[in-house]
Amino acid sequence: MDLTETTMRWMIGGLMLLPLLLALHRPLERLIRLIIRTGVGLVVLVILSQIGALIGVHLGVNLFNALVLGLLGAPGLGLLLMLNWVLAI
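Residues numbered from 1 in each chain as written. Predicted model: local features only at pLDDT ≥ 70, side-chain atom pairs only at ≥ 80, totals over all residues. Heavy atoms only, no water.

Caption draft 1: Region of interest: the overall build of the protein chain. Along the backbone of the protein chain there are four helices and zero strands. Listing the helices and strands of the protein chain from first to last along the sequence gives α-α-α-α. Since a compact globule built from 89 residues should have a radius of gyration of about 12 Å, the 22 Å found for the protein chain marks it as more spread out than a globular shape. If you line up the protein chain on its principal axes, its C-alpha atoms span 70 × 25 × 15 Å. By the burial criterion, 17% of the 89 residues in the protein chain qualify as buried. Long-range pairs, those at least 24 residues apart, make up 43% of the contacts in the protein chain between residues at least 6 apart in sequence. Counting every atom, the protein chain has about 7100 Å² of accessible surface; 77% of that belongs to carbon and sulfur. (Helix = DSSP H or I, 4+ residues; strand = E, 2+ residues; numbered from the N terminus. Rg over C-alpha atoms; globule rule 2.2 N^0.38 Å. Buried < 20%, exposed > 50% of the residue type's maximum accessible area, 1.4 Å probe, protein only. Contact = heavy atoms within 4.5 Å. Areas by Shrake-Rupley, 256 points an atom, 1.4 Å probe, with all protein chains shown as cover.)

Here it is, written out as structure tokens:
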């Protein structure tokens, strides 16, 4: 197998992969955005766990809470705080 045959195989493979990437562009974009927002939610939870002792707020730093914050944002934080308050009684 020479260099031109290998190059042609890579080009054909890339052209066959292109429609798949175009079809999955929007779902992959949403997944990446969700991963980034979940990471930001995790950072917020870590900061809140550091400051929370001073203001009496205690939330666990875990993937589920970070995912809720990533999906819902500030209302998700309120929801988690309300759930924590209701379930703690």
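Caption draft 2: Broad picture of helix α3 (residues 63-72). Those residues of α3 that sit buried are Asn-65, Ala-66, Val-68, Leu-69 and Gly-70. The opening residue of α3, the one whose side-chain oxygen lies 3.3 Å from the backbone nitrogen of Phe-64, is Asn-62. Taken from the residues just after α3, Gly-73 is the one with a positive phi, measuring 75 degrees. (Polar contact = N/O pair within 3.5 Å; in protein donor to acceptor, adjacent residues only side chain to side chain.)

Caption draft 3: Quick look at the pattern of salt bridges. This model, assessed by the stated rule, comprises two salt bridges. In this structure, Arg-9 engages Glu-5 in a salt bridge whose closest nitrogen and oxygen atoms are separated by 3.2 Å. Here the residue Arg-9 and the residue Glu-5 both occupy positions in helix α1 (residues 3-23), the gap between them amounting to four residues, near one helical turn. For Arg-9, a relative accessible area of 53% gives the class exposed. (Salt bridge = Lys/Arg side-chain N within 4 Å of Asp/Glu carboxyl O.)

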